[in-house]
Each structure stands twice: as structure tokens, then as C-alpha cells.
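Letter by letter, the chains look like this.
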Amino acid sequence: MRPARPVAVLGGVRIPFCRQNTAYSDVGNLGMSVRTLGALVEKFGLHGQQLGEVAMGAVIKHSSDWNLGREAALSSGLSPLTPGITLQRACGTSLDSIITIGNKIATGQIDVGVGGGSDTTSDVPIVYGRKLRHRLLEAARAKTPRDKLAAFKGFHLRELKPEFPGVAEPRTGKSMGEHCEDMAKQWNISRDSQDEWALSSHLKLAAAYERGFFNDLVVSFRGVARDNILRADSTLEKLASLKPAFDKTSGRGTLTAGNSTPLTDGAAACLLSSDEWARSHGLEPLCYLRDAHVAAVDFVHGEGLLMAPTIAVPEMLKRNGLTLQDFDFYEIHEAFAAQVLCTLRAWESEDYCKGRLGLDAPLGRIDVAKINPNGSSLAAGHPFAATGARIVATAAKELKQRGGGRCLVSICTAGGMGVVAILER
């Protein structure tokens, strides 16, 4: 195998992220993916070109979307000879798809590819219960009308009750918000600090839109030009008025609708290539994907569900000979304000860094002014499989505008995992 090649991030694009059951309620993952990939094709002049791979993903999807990456590629304006693959790792999906494309470029398997993702919580797969499904399958297998009717012997109308996709962890029965409430209590994260973090995210995202930062990163769709979750007029007073959303009975609940990401629809994608491909097509790399890493925690037996990035980051830093402070800015996905604050507190904790991470000293403090300089998920929203590509596209442009530097990307996911990466220019 040839030596690893640099992986250039040429840029990205996304549609505005929208709250569940609003602008994209009848679109679905394929429609959002096609619009996003089509915009990427237009932005980089890729019409009719054959790429090495399109890797897309979705967390909440219909069975008919099993080939989402390929189907979206076929409708995007790319050559129909461009292969497509569909991936999924919960909230880390599109960062994983970008890493997958990056690894193929690094090893010389392909020269150029797209990594991205789409998610909808409006157009969700609704299915019948297990008992009725078994009846329908038995009837489908039956050879005679009598046997088909026999499959429905004892049928009751209650079997028609539909089943909706669950948001709870299968092994604990608790939602991500409930798990994060536990984390907030364990790390003594106050309600005020969570609301302050959420407000900051909204204000930074609004400022970025106002100065035109997103002009070439966000394309309008369905009459929407900006993320419709963004609240530029939010205040601490408004956030403080909201009631706890997950722990409603103990009197100690601190996570609210205001400091938690809402269910969101949207899609995002990034174009990556080798240096040679970029030069031959007259495109300038915005930055390079230098490394990436994935880790997991034992959340079933007490570790915080969303704490895996606290482990993935130091493992990646060690491999690269870096410290936590060796970055010009940080892009930390905001599933909840509390989750970000727990992560930061863990990295500052001597007990945690020595006892859990096996380090000689704490990783240390990050200057919060360097975190999510253009806002993040609390303000933009969080379509599960699209967040990673949003973050990479945003960070790549930020690095270009700064004229260079290094960015740490960190995403926590359902299932107790964390996906992290280093971007450099």
C-alpha cells in the first residue's frame, strides 16, 4: 500500500436546518440529500463528473432509503458512474462519512469524494407492532386463501396501533436528555451556565449570518434561507423562564428546551480530494483532515452517555504529539449545553484525567472564546446525520479566513460513542 496522501477539504454546503414538522415536513431524506448534493455539484462545477465515492448517511430513515448515498448521487448531477454508500453512526454519521472518504483518498483508493448526511424527524418510519407484522408475513407465505385468512385468526383491533421510532437507549430505556441530566448532576453543571452557553451559541450564529459567513455555505430550500431554530433575540430571561424538559419531578432538573437541541431536519455535505485532484481542477484546499479517532464509554454501567469524546480526544492527541491547548479554535457539537460543559469540566479534572484517562495530569482548560466561534447545534439545530458535515464545512471556511491554524472537532453520539478529528491549514 502506498504511503498516506494528504486529504484536502475543498469545502461544503448545506440546506438551512429546520425544526421538526416545519418547512421540510414532507421532503424526506432523499429530497434533502439531493438538494444538498446538487448544490455541492453546482458550487464546485462537478456536473457530469465521476467521483470516487459519495458517502451519505441517515439515522432516522425508511427502509426504502437503504441505498440513500447512491440514489442521491444519481439525482445530483454527478456522473451516474459515481458509486454511493450509506453509513450510520448516530450523531457522528457525517463526520464518519467524511473520515471514510478521507481514508480512501489517503490510501490512494480514490482521488475525490463526498461525505455528508441527512436526517428527518418529520418523515419518520411508522410501523405496525410485532404481532401484526408476524401475521402479515405468515399470510404472505401462505399458499391458499384459507391459509391466508388463518393467519389473522384471533386478530384484535389493538394490533393496528402503530409503533414510532424510539428515542431511548435500548439498553437503559432512558432518553439522551435523561442521560445528560444524570451527567449534569454528576458534574455539578448549573442551570445558569447552561442557559448562558445556549444564548452564546444563538448570538454567535446570528452574528455569523449577519456578516455573510454562511453566504456560500447555506443554500436556500423550500423558501427557507436561514436555520429556523435560530433565535437572535433570545435572552437569559427568556431561557430562564423555561421549565425542565427531562427531569420534571425531582426539582433538580436543569435541561430545558432552550439549552437542548430540538429535533431537526436537514442535510449537509463536504467535498474532499487529493492535492493532485484539487490542482488539476483549479480548486484550493481550505484545510486538511489530519487525523480522526473514535471511542466509546460503558454508559450501561454508569459512565456518562455523551462523555466518549473526553476519551477519544486525548487518545488522538497522544498519537499526534499535541496538547489540548495546541488548537486555534474548537468545534464541539452541542447536543446539550450541559454535555459541552461536562466535557470541559472532565478535561480540567485531575481525578478524571488520572483515574479514567490514565494521564499524569489534567488535559487542562480551553479558552471558551475559542469554542464554536460561529455558533453550533444549539442555535443551528441538529439533524443527527448532518451535523458532522456542517461542522467540517464551517471549520474549513474559518481556517481559510484565518489564513491557517488548527481545529479540533468533537462530536458525541447516541450509544455512548464519540467521533473526533483534527483539521489543519
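Reading guide: rules and limits
Residues numbered from 1 in each chain as written. Predicted model: local features only at pLDDT ≥ 70, side-chain atom pairs only at ≥ 80, totals over all residues. Heavy atoms only, no water. Helix = DSSP H or I, 4+ residues; strand = E, 2+ residues; numbered from the N terminus. Expected span 1.5 Å × (residues − 1). Buried < 20%, exposed > 50% of the residue type's maximum accessible area, 1.4 Å probe, protein only. Contact = heavy atoms within 4.5 Å. 1 Å grid on protein atoms, 1.4 Å probe; cavity = no way out; pocket = protein on both sides within 12 Å on 5 of 7 lines; lining within 4 Å. Points joined across faces, edges and corners; volume = space filled by probe spheres on them. Nonpolar A, V, L, I, M, F, W, Y, C, P; charged D, E, K, R; others polar. Patch = residues over 30% accessible without salt bridge, like charges linked within 9 Å, V, L, I, M, F, W, Y side chains within 5 Å. Areas by Shrake-Rupley, 256 points an atom, 1.4 Å probe, with all protein chains shown as cover. Salt bridge = Lys/Arg side-chain N within 4 Å of Asp/Glu carboxyl O. Core = buried A, V, L, I, M, F, W, Y, C linked by side-chain atoms within 4.5 Å. Axes fitted to C-alpha atoms, helices over the stretch in contact; angles between N-to-C directions. Parallel < 35°, antiparallel > 145°, perpendicular 65-115°, else oblique. Left-handed = near helix turned anticlockwise from the far one by under 90°. Pairing = 2+ DSSP bridges. Phe/Tyr/Trp six-rings, centres within 6.5 Å; stacked < 30°, edge-to-face > 60°. Lys NZ or Arg CZ within 6 Å of the ring centre and 35° of its normal.

Looking at an unreviewed UniProt entry, one finds the protein named Acetyl-CoA C-acetyltransferase and attributed to Lysobacter arvi.

Time to look at helix H10 (residues 309-320). Because the α-helix completes a turn every 3.6 residues, residues three or four places apart line up on one side. Taking 1.5 Å of rise per residue, 12 residues should cover 16 Å, and H10 covers 16 Å from first to last C-alpha, within 8% of that figure. Of the residues making up H10, those classed as buried are Pro309, Thr310, Ile311, Ala312, Val313, Pro314, Met316 and Leu317. Considering only its buried residues, H10 is in contact with strand S9 (287-296), helix H11 (337-348), helix H12 (350-355), strand S11 (406-413) and strand S12 (417-424). In the stretch just after H10, glycine 321 is the one whose phi turns positive, near 65°.

Turning next to the layout of surface pockets. The space that makes up the largest pocket amounts to roughly 1,000 Å³. Taken together, 43 residues make up the lining of the largest pocket; nearest its centre are Val167, Thr261, Pro262, Leu263 and Phe384. Those elements giving two or more residues to the lining of the largest pocket turn out to be helix H6 (176-186) and helix H8 (236-240). Here the residues of the lining of the largest pocket are counted per class, giving 24 nonpolar, 13 polar and six charged. Estimated volume of the second largest pocket: approximately 270 Å³. In terms of lining residues, the second largest pocket is bounded by 16 residues, among which Pro314, Glu315, Lys318, Leu359 and Leu363 are the most central.

To continue, consider a nonpolar patch on the surface. Together, Tyr128, Leu136, Phe152, Phe155, Leu157 and Leu160 line one region of the surface with nonpolar side chains, adding up to about 550 Å² of accessible area. Following the sequence through the fold, leucine 136 ends up in helix H4 (residues 130-141).

Within the largest apolar cluster, 94 residues are counted, with the highest numbers of intra-cluster contacts made by Leu272, Leu324 and Leu423. The element contributing the most residues to this core is H11, with eight residues. The residues contacting leucine 324, other than those within four sequence positions of it, are Val313, Leu317, Tyr330, Trp347, Leu363, Gly364, Ile366 and Leu408. Membership of the second largest hydrophobic core comes to 31 residues, among which are Leu10, Leu37, Met56 and Leu271.

Two elements in contact, H6 and H11, have axes whose closest approach is 9 Å; the angle formed by their N-to-C orientations is 40°. Accordingly, the angle class assigned to the pair H6 and H11 is oblique. Two packed elements cross with a definite hand, and for H6 against H11 that hand is left-handed. Between H6, through Cys180, Met183 and Ala184, and H11, the contact on the second element is made entirely by Ala338, Gln339 and Cys342. Among the residues forming the contact of H6 with H11, the class breakdown is five nonpolar, one polar and no charged.

End to end, H11 covers 17 Å across 12 residues, agreeing with the expected 16 Å (1.5 Å per residue, within 8%). The element H11 is extensively covered by neighbouring structure, given that 10 of its 12 residues are classed as buried. Taken together, the buried positions of H11 are Ala337, Ala338, Gln339, Val340, Leu341, Cys342, Thr343, Leu344, Ala346 and Trp347.

A few words on the pairing of strand S10 (residues 329-332). Here S10 shows a buried face lined by Phe329 and Glu331 and a second buried face lined by Tyr330 and Ile332. As paired strands, S10 and S11 are joined by four bridges and run parallel to one another. Counterpart to isoleucine 332 in the pairing with S11 is serine 410.

Counted under the stated rule, the structure contains 22 salt bridges. Salt-bridge contacts for glutamate 163 lead to arginine 133; the nearest nitrogen and oxygen are separated by 3.7 Å. Of the two residues, glutamate 163 sits in strand S7 (residues 162-163) while arginine 133 sits in helix H4, which places them 30 residues apart along the sequence. Judged by its relative accessible area of 38%, glutamate 163 is partly exposed. Overall, arginine 133 belongs to the partly exposed group, its relative accessible area being 30%.

A few words on the packing of aromatic side chains. Two numbers describe a pair of aromatic rings. These are the distance of the centres and the angle of the planes. Taken as a whole and judged by the stated rule, the model has six aromatic pairs. Ring centres of tyrosine 209 and phenylalanine 214 lie 4.7 Å apart, and the angle between their planes is 40°; on these two criteria the pair is classed as tilted. Both residues of the pair, tyrosine 209 and phenylalanine 214, belong to the buried class. With a centroid separation of 5.1 Å and an interplanar angle of 90°, the aromatic rings of phenylalanine 213 and phenylalanine 214 are classed as edge-to-face. For the residue pair phenylalanine 213 and phenylalanine 214, the accessibility class agrees, reading buried in each case. By way of ring pairs, the aromatic residues Tyr209, Phe213 and Phe214 are connected into one cluster. Positioned above the aromatic ring of phenylalanine 17 is the side chain of arginine 14, whose terminal nitrogen or guanidinium carbon lies 4.5 Å from the ring centre. Positioned over the ring face of phenylalanine 327 is arginine 406, at 5.9 Å from the centre of the ring.

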